[in-house]
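Report on the structure
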Amino acid sequence: MTDIATIPIGTQGTEPAAKQERSFLSSLGRSAKGLTGLFLIMLVVACALFARQIVPYDHAQQVIEWRYAPTAWQAGGSTRNLLGGDNMGRDIFSRTIMGAQISVQVALIVVSIALVIGSVLGALAGYFGGWIDTLIMRAVDFQLAFPFLLLALIFMAVLGPGFATLVMALSFALWINFARIVRSETMRIRKLDYVDAAITMGVSQLRIIATHVLPNVLPAVLVMATLDIALVIISEASLSFLGLGVQPPTASWGVMIAEGRDFLYDQPWIVIAPGIAVLISSVGINLFGDFLRDYFDPRLERM
Amino acid sequence: MLKLLVSRFFYACVIILGVVLVVSSLVKLVPGDPVDVIAAGNPGMSVADMDRLRERMGLTRSIPEQFASYLGHAVQGDMGTSIRQGVPVTKLIAERLPATAELAFWALVLAFIFAIPLGIATALKRGSWLDYTGTFIAVLGVSTPGFLLAVLMILWFSIELRWLPASGYRGSALLAVGKAVVEGKFSVFWNAFRYFILPAISLAFVLIAVNARVIRSAMLEVLQQDFITFATAKGVPRLRIVLRHALRNALLPVVTLAGLQMGALLSGTVVIETVFAWPGIGRLAVDSIHVRDYPIIQAVVLVSAVLFIVLNLTVDILYRFIDPRVRDD
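What you see is a predicted model; the values in this text were computed from it and never measured.

Here we look at the overall build of chain B
Across its full length, chain B carries 15 helices and zero strands. Principal-axis analysis of the C-alpha atoms gives chain B an extent of 85 × 55 × 40 Å. Within chain B, the proportion of its 329 residues that are buried is 38%.

In structure tokens, the structure reads:
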């Protein structure tokens, strides 16, 4: 569950979109992988966006009769609690839907922060080189000495577990992914003739970065961002499962699975609903990310 | 070559010093006074106790002083004393590291046992239903959090089928291998090993998925090369070509990944050990964060980071011996 998820996905050398033969939408239409991924993502995002409208009950509401209530399709279950009730008499369906909101929130915040910081530092390092490059890449190298989760644990140890720490820890762990990819792409583009031409013509550095470098780096960054969203969702669930992330009673999928673990023998459904929710989101994003990578970089299609 | 080895070694040492700096100043980074936080959880602490604890945790010293003192002690194998248990941290780590290391070892073994045949088969039968199953497993592998797989496997294999234990650790299985072979007591090995199966699979699943994909694409590339065509033309049996000529080359990229995968394993053990009540350093770290036992957290971070750096260095050097093409870069 670390960044090895991104290993086979080295998105080096993406050429400008002009080389694409098919348009994005028609490629998507032909790809079972892309469509399935997009469908699952939209399902999760819809749950997150309209969570308040979808849930039949408040996610923290406790009703004694709902304790250990089985799912609707099991003997003794009713449509009152579609996915059953948990050990504290809360409606699992409502909690699972609210969990989507937490997951999507954390993923979007973390990836946005990591993307902005990592891309800016990566672009600076790749474009200017010299001591700026050395400084930034040494920091990246140093950070790579820590396994992904260990880095998060250091944050938890220093700042104490919680939502804010979780977001900081994961953003800090992920910025290097963006920095490395943007740096190498920037260095490649920087050497191209048309950039030299622009420099000769007296175009300002900032303008070159904004109009020539960034648009060409974008596909690689998009692919990385998509795949990292899956990584964040998995990490958030794992850390919350350990009690180090989102704190109860907030309905995070990781927290729900941790709480339900003690009741695996008799009430396995407490764990299954949030478990399937985690799988749906991460499988969806990885499928779509795979499709994006194939689309932007057909050379990697054989993977 | 020697020059490269020396420079790599030197570089690793610098990074390790940096890690020690971060680890030794960790308690100072805690907002407010960590001793107040600890005291809040222990109403029995007197003011004198708190002062002693501040002294012991190095809160009274500056960061450079703290760094020098921590490094000096750590080199001698002294990483402080646990605040809660009053036991030397080095002892705690030494007791628990073998369980973590062996778990990681079996996970790696499983990863290769499954990834190699899967990678070869999906490359040879490209585009078949087998290949699609491989793709499916690959996506599932990177998408399934280890703890979820662990919980689901406990549900199925321990609770439904009652085949394997749901948690616990009954000593080393590696050490029992000797007994099983020499004295013919296979049951001794099995009694220890069955506790390893579920946690090791939980750790290995993602590695199986990633390695199988990497082997597959490397195999596809190697099989197109001239020397394979030549061997086929010469009449070398297909099986021999695949296993002797192609696989040996296709395994190279996996070796490159091995260092990074150690990081994945170290991260994974933190979660998996908690699920299976495994007495390793990962669970030690999580438990210590909950009770704010800083010396233990510092030691686990230091030991894991140093292990990771040393393993990466080893892989890096080994790779140069295995693949002569990368020797002079």
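What follows continues from the structure just given.
Some remarks on the overall build of chain A
Secondary structure assignment for chain A yields eleven helices and zero strands. Reading chain A from its N end, one meets helices and strands in the order α-α-α-α-α-α-α-α-α-α-α. Judged by the C-alpha coordinates and their principal axes, chain A covers about 75 × 50 × 30 Å. Counting the 303 residues in chain A, one finds 50% classified as buried. Contacts spanning at least 24 positions in sequence make up 72% of the contacts within chain A whose residues lie at least 6 apart.

Here's the deal with the packing of helix H10 (residues 253-260) of chain A against helix H11 (residues 269-296) of chain A
Residues and elements named next belong to chain A. Interaxial distance between H10 and H11 falls to 8 Å at its minimum, and their mutual angle equals 150°. For the element pair H10 / H11, the angle class is roughly antiparallel. Read as a crossing pair, H10 and H11 show a hand that is left-handed. Contact residues: Trp253, Met256, Ile257 and Gly260 in H10; Ile270, Val271, Pro274, Gly275, Ala277 and Val278 in H11. Split into classes, the residues belonging to the contact of H10 with H11 amount to eight nonpolar, two polar and no charged.

Looking at the interface of chain B and chain A
In this complex, chain B contributes 48 residues to the contact, which on the side of chain A involves 42 residues. Elements with a contribution of two residues or more to the side of chain B that touches chain A: helix H1 (2-24), helix H2 (26-29), helix H7 (129-143), helix H8 (146-160), helix H10 (186-223), helix H13 (252-275), helix H14 (281-291) and helix H15 (294-322) of chain B. Counting residues per element, the side of chain B that touches chain A draws most heavily on H13 of chain B, at eleven residues. Its residues assigned to classes, the side of chain B that touches chain A shows 35 nonpolar, twelve polar and one charged.

Structural notes on the UniProt feature "transmembrane region" (unreviewed entry) in chain A
Residues and elements named next belong to chain A. Under the present numbering, the feature "transmembrane region" (unreviewed entry) in UniProt falls on residues 34-51, 104-128, 148-178, 213-234 and 269-292. The span residues 34-51 carries 94% helix and 0% strand; its end-to-end C-alpha distance comes to 25 Å. A distance of 34 Å separates the end C-alpha atoms of residues 269-292, which is 100% helix and 0% strand.

Some remarks on helix H4 (residues 92-128) of chain A
Residue and element names in this part refer to chain A. Taking 1.5 Å as the rise per residue, H4 with 37 residues should run 54 Å; its terminal C-alpha atoms sit 53 Å apart, in good agreement. In terms of burial, H4 is a largely internal element, 27 of the 37 residues being buried. Within two residues after H4, Gly129 carries a phi angle of roughly 65°, on the positive side.

A short note on the environment of Gly280 of chain B
Residues and elements named next belong to chain B. Residue position: Gly280 is located in the loop between H13 and H14. What makes Gly280 buried here is the crowd of 25 C-beta atoms within 10 Å. Put simply, Gly280 and Ile38 are 242 residues apart on the chain and 24 Å apart in space, counted from C-alpha to C-alpha. Leave out the neighbours within four places in its chain, and Gly280 touches Arg96, Ala99, Thr100, Leu103, Thr269 and Glu273.

Re the nonpolar core
By size, the foremost hydrophobic cluster in this structure holds 179 residues, and its most contacted members are Ala152 and Leu153 of chain A together with Ala150 of chain B. In terms of residue count, the dominant contributor to this core is H10 of chain B (19 residues). When near neighbours in sequence (up to four residues on either side) are disregarded, Ala152 of chain A contacts Ala169, Leu170, Ala173 and Leu239 of chain A.

Considering the environment of Ile209 of chain A
Residue position: Ile209 of chain A is located in helix H9 (residues 205-241). Along the backbone, Ile209 of chain A and Tyr127 of chain A are 82 residues apart, and their C-alpha atoms lie at a distance of 8.0 Å.

Points about unusual backbone geometry
Going from Pro248 of chain A to Pro249 of chain A, the amide bond is cis rather than trans, its omega being 5°. Inspection of the secondary structure assignment puts Pro249 of chain A in the loop between H9 and H10. You will see that Arg162 of chain B, though not glycine, has its phi angle at about 55°, which is positive. Examined against the element boundaries, Arg162 of chain B turns out to sit in the loop between H8 and helix H9 (174-182). Classification of Arg162 of chain B as exposed rests on a count of 9 C-beta atoms within 10 Å. Its identity as a non-glycine residue notwithstanding, Arg292 of chain B has a phi of 55°, on the positive side.

Quick look at the confidence of the model for chain B
Per-residue confidence for chain B gives a mean pLDDT of 85, with 99% of residues at or over 70. ipTM for the predicted complex: 0.86, alongside a pTM of 0.86.

Some points on the confidence of the model for chain A
When pLDDT is averaged along chain A, the result is 83; 91% of the residues meet or exceed 70. In this model residues 1-19 of chain A is a low-confidence stretch, pLDDT under 50, and it forms 52 contacts with partners more than four residues away in sequence or in other chains.

Scoring rules and cut-offs
Residues numbered from 1 in each chain as written. Chains lettered and ligands numbered in written order. Predicted model: local features only at pLDDT ≥ 70, side-chain atom pairs only at ≥ 80, totals over all residues. Helix = DSSP H or I, 4+ residues; strand = E, 2+ residues; numbered from the N terminus. Buried ≥ 20, exposed ≤ 12 C-beta atoms within 10 Å, placed from the backbone. Contact = placed C-beta atoms within 7 Å. Axes fitted to C-alpha atoms, helices over the stretch in contact; angles between N-to-C directions. Parallel < 35°, antiparallel > 145°, perpendicular 65-115°, else oblique. Left-handed = near helix turned anticlockwise from the far one by under 90°. Nonpolar A, V, L, I, M, F, W, Y, C, P; charged D, E, K, R; others polar. UniProt positions renumbered as here; feature names shortened; annotations may be inferred. Expected span 1.5 Å × (residues − 1). Core = buried A, V, L, I, M, F, W, Y, C linked by C-beta atoms within 7 Å. pLDDT = per-residue confidence, 0-100.

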